[in-house]
Amino acid sequence: MRILYVEDNPELRETIGALMEGEGQTVTAVATAEEALELEARQPFDVLVSDVSLPGLSGTDLARKVLANDPHRWVVLCSGYELGHYPGAWGPNVRALLKPFDVEELEALLGSIRASVQGRAAA
């Protein structure tokens, strides 16, 4: 499973990016939504994990652009603010993760996404 992680805080980008790496999971971490869109244009990722508050294009705007190309794409929006049911209205595979989150919470979410991605690839 290929994960694109967008986080403007260098320490978080490095730490959380490393935590998401694992068997069957590769992570490409970038600082801006604009960088993410360039990478997406070359080859779409299985999952987009993005901070909501980014310089320039926001994480929510990035999510909308990615979902416009593939409404069933997995997107995880990370925010220090409660997003409620708002992200779920964008598509069936959009989730929100409230910062600060537990590593176990992130791992559980990625595990369920990986199972879904693998199931979709096998179909």
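All of these numbers come straight from a predicted model, not from anything done at the bench. (Residues numbered from 1 in each chain as written. Predicted model: local features only at pLDDT ≥ 70, side-chain atom pairs only at ≥ 80, totals over all residues. Heavy atoms only, no water.)

## Let's talk about the environment of Ser-50
Here comes step 1: Residue placement: Ser-50 occurs in strand 3 (residues 47–51).
Here comes step 2: What makes Ser-50 buried here is its relative accessible area of 0%.
Here comes step 3: The spacing of Ser-50 and Val-30 is 20 residues in sequence and 9.6 Å in space, taken between C-alpha atoms.
Here comes step 4: Sequence-distant contacts of Ser-50, defined by excluding residues within four places in its chain, comprise Val-6, Gly-59, Leu-62, Val-76, Leu-77 and Cys-78. (Helix = DSSP H or I, 4+ residues; strand = E, 2+ residues; numbered from the N terminus. Buried < 20%, exposed > 50% of the residue type's maximum accessible area, 1.4 Å probe, protein only. Contact = heavy atoms within 4.5 Å.)

## So, a negative patch on the surface
Here comes step 1: A contiguous patch of negative charge on the surface is contributed by Asp-102, Glu-104, Glu-105 and Glu-107.
Here comes step 2: Along the chain, Glu-104 turns up in helix 4 (residues 103–122).
Here comes step 3: The exposure class of Glu-104 is exposed, given its relative accessible area of 56%. (Patch = residues over 30% accessible without salt bridge, like charges linked within 9 Å, V, L, I, M, F, W, Y side chains within 5 Å. Areas by Shrake-Rupley, 256 points an atom, 1.4 Å probe, with all protein chains shown as cover. Salt bridge = Lys/Arg side-chain N within 4 Å of Asp/Glu carboxyl O. Lys, Arg positive; Asp, Glu negative; His and termini not counted. Charge placed at Lys NZ, Arg CZ, Asp CG, Glu CD.)

## Remarks on helix 3 (residues 59–69)
Here comes step 1: For helix 3, the set of buried residues is Gly-59, Thr-60, Leu-62, Ala-63, Val-66 and Leu-67. For helix 3, the buried positions fall inside an angular range of 155 degrees around the axis, keeping them on one side. When the buried face of helix 3 is taken as reference, the exposed residues oriented beyond 90 degrees from it are Ala-68 and Asn-69.
Here comes step 2: Lining the buried residues of helix 3 we find strand 1 (2–6), helix 2 (33–42), strand 3, strand 4 (74–79) and strand 5 (94–98). (Arc of directions from axis to C-beta.)

## A closer look at the packing of helix 2 against helix 3
Here comes step 1: It is at 10 Å that the axes of helix 2 and helix 3 come closest, and there the two elements cross at 15 degrees. When the axis of helix 2 is compared with that of helix 3, the two are roughly parallel. Once helix 2 is placed against helix 3, the crossing between them reads as right-handed. Of helix 3, the residues touching helix 2 (which contributes Ala-33, Ala-36, Leu-37 and Glu-40) are Leu-62, Lys-65 and Val-66.
Here comes step 2: For the contact of helix 2 with helix 3, a count of residues per class yields 5 nonpolar, no polar and 2 charged. (Axes fitted to C-alpha atoms, helices over the stretch in contact; angles between N-to-C directions. Parallel < 35°, antiparallel > 145°, perpendicular 65-115°, else oblique. Left-handed = near helix turned anticlockwise from the far one by under 90°. Nonpolar A, V, L, I, M, F, W, Y, C, P; charged D, E, K, R; others polar.)

Just geometry here; none of it tells us what the structure is for.
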